[in-house]
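Summary of structural features
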Amino acid sequence: MATVAEFIRSQHPDILRCWVGEATQTASARGLDGPEFRNVMPRYLASLATGQASNGSATREQLRHVESHVSARLRQGFHVAEVVEEFALLGRCICRAWSAAPPEAQPDVADVARLFTTLHAAMEAVTDLFSRYLLEDEQTEKRYLRLLQKVASESPGLDGPGSRKQLTELLEVILDAMGAQSAALLLYEPKDERLVTAASAGRAHEQLERYAASMDLSTFAGTIAAAGEETCSLWDAGTTELVVGESLRGGGIHSLLGVRLPAHHALIGVLYVGLTATREFTLQEKQRLQTLGQHLSVHLENARLYANLQEKVEALQAERSRREQFVTILAHDLRGPLSAAKMGAQTLLRTPEKLDARRDLALKITRNIDRTDQMVRDLLDANRIEAGQRLPLRLDACDLGAIARDVVEELTALHGERFVLEADGHVQGIWSAEELRRALWNLGTNAIKYGAADRPVTFTVTSTDAGARVSVHNHGRMIPRGDQQNIFQPFFRTRSAQKELSSGWGLGLTLVWGCAQAHGGRVELTSEPGEGTTFSLALPRDARPFQKEREAPAELSAGV
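The following refers to the structure shown. (Residues numbered from 1 in each chain as written. Predicted model: local features only at pLDDT ≥ 70, side-chain atom pairs only at ≥ 80, totals over all residues. Heavy atoms only, no water.)

1. Things to note about the overall build of the chain
Here is the rule: We count a stretch as a helix when DSSP gives it H or I for four or more residues in a row; a strand needs E for two or more, and each element gets its number in order from the N terminus. We call a residue buried when its accessible area falls under 20% of the maximum for its residue type, exposed when it is over 50%, and partly exposed in between, using a 1.4 Å probe and counting protein chains only. Any pair of residues with heavy atoms lying within 4.5 Å of one another is described as a contacting pair. All accessible areas in this document rest on Shrake-Rupley with a 1.4 Å probe, and a residue is counted as covered only by the protein chains that are shown.
Broken down by element type, the chain carries 18 helices and 13 strands. Considering the chain as a whole, with its 560 residues, one finds that 46% of them fall into the buried category. When contacts within the chain are restricted to residue pairs at least 6 apart in sequence, those whose partners lie at least 24 apart make up 69%. Of the roughly 28100 Å² of accessible surface on the chain, 53% is carried by carbon and sulfur atoms.

2. Brief notes about the pairing of strand β12 (residues 522-528)
Note the threshold: Whether two strands pair depends on DSSP finding at least two bridges between them.
A one-sided burial pattern is seen for β12, the buried positions being Val523, Leu525 and Ser527 and the unburied ones Arg522, Glu524, Thr526 and Glu528. Here β12 folds back onto strand β13 (residues 532-540), and the loop between the two strands holds three residues, one of which, glycine 530, carries a positive phi near 80°.

3. A few points about the pattern of salt bridges
As a reminder, the rule being used: Salt bridge, as used here: a side-chain nitrogen of Lys or Arg that lies within 4 Å of a carboxyl oxygen of Asp or Glu.
One pass over the full model with this rule turns up 18 salt bridges. Between arginine 64 and glutamate 230 there is a salt bridge whose closest N-O contact spans 3.1 Å. Highlighted residues: arginine 64 in helix α4 (residues 60-75) and glutamate 230 in the loop between α10 (220-227) and β4 (232-234), separated in sequence by 166 residues. Overall, the relative accessible area of 6% leaves glutamate 230 in the buried class. Note that arginine 438 is salt-bridged to glutamate 435, the shortest N-O span being 2.9 Å. Of this pair, arginine 438 and glutamate 435 are both found in helix α15 (residues 433-450), three residues apart, which corresponds to roughly one turn of the helix. Judged by relative accessible area, which is 4%, glutamate 435 ranks as buried.

4. A closer look at the sheet that holds strand β3 (residues 212-214)
For clarity, the threshold we go by: Inter-axis angles, ranging from 0 to 180 degrees, are taken between N-to-C directions of lines fitted to C-alpha atoms, where helices are fitted over the stretch in contact.
Pairing in this open sheet of six strands is antiparallel, and the strands run β3-β2-β1-β6-β5-β4 from one edge to the other. Two strands lie at the open edges of the sheet, namely β3 and β4, each paired on one side alone. The mean angle between the axes of side-by-side strands here comes to 25°, regardless of whether they run parallel or antiparallel. Both strand β5 (residues 255-261) and strand β6 (residues 269-275) contribute to a ladder of seven bridges, which runs antiparallel. In the sheet register, leucine 261 faces β6, and the bridge partner there is glycine 269. Against the sheet, helix α8 (residues 163-178) contacts β1 (182-189), β2 (194-202), β5 and β6, and its axis sits at roughly 65° relative to β2. Packing against the sheet, α10 makes contact with β1, β2, β3, β4, β5 and β6, and its axis sits at approximately 45° to β5.

Below you can see the structure in the form of structure tokens.
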């Protein structure tokens, strides 16, 4: 004949499924998701499977689970009768499970009696806990929640430059509410998978501000993060084997109590308080810290949403400013060649008899129309790149050195003898000569515009194991590292370019990036103080295989 503990162990999933099915039908359970509703009951049921006291009284572990369950239900707005009914439903589900079992698998009467005595003790504890909470804590808790709300509402951006002061003020409210001597808030950093102190108050304040903890269960902070709905407490921080940080031990803090923020959903961080006394925390203290932690989670989440909203607003404002600036430049740049072409055409119309003698004017009209056409083409190609599409290429056998030589000769005719070409002989491949010429032209004109006026601009063409590389280097000020992250984005212009009011649409480097990406290559940028700036195009020997790929839109950045 099986014992109650053995039966519960073997039927644990079925009993829990029965309980969830019936308990979720009650009106009080509406609006709660699965994790919020199940919270502690699975662990309580598991504790029944470890055995019971001989007289049927609840064990220490079982009472702790009952306390946690009641604490959660209080925050969720349950009435005492509804929580008592949950434990009664659990008893009925256990009975229903063993009624279907063969007689030899059913526990004896005395064992069943002890089980129901344990459940009855749990229901009595529920009633007692509700009464004590309502009588002693309701008004106090409301007062501190009001103070938390007041501090949080004074500055919605808890992620800003002054956030540490704001968070410290929130912790001081929690410190006072808990009657504790130390408090710390550690926020989760997903990138490094660790918890880092965002603010602290009370004893060991300065040392705690530099404290960081891993998510490992060997640390007190990691244990809190894994605790879910329940609080996590330490009897004595000075003797525990868990990692708690020497600052707490040195600061005379002994008992610690922590909660996960929030209890469910994505981890934001952990909150804990410490006492100089060495003692257990009461149910009221655990309940109060859980409630304060829940409200702190809401404030932190609101702050995060506010910061994200501010960031998006600033990005939209910057985008709007760039586009307004672009439209102004576009109107100015297009007006020049179009006006020249129009004036030339009007001159020819006024004196048609001199058409043969004015071929120079016709050539001028053609050049200006070609300039306008190139501007429009650049704009359309930049929009194509921003939409995640590859530039269409006309591929043929090319000599990269010859392309660079043509570009250098054209730039020299416009800007004088400032260009140097260093090229290996016959660097050949299957590429688009037209796109490479435009990319090198943009890099060359950028180097002239922003490089040192008394130093040369160097074009370097070399063969590599993977294909070929062409680089354009200029001396002068380095590009700020913050700008290097965005310099290939459409319409982006560096802060120095904006201050100097240099002409340009901010599309040249976008087209360079698009040329590299369309060939299956990449564009790289190095810019250091005293060394100047180098843009490099790294190309495969044959770009044809890359035209067949259907990749997801690539991110615009250096080195992609």
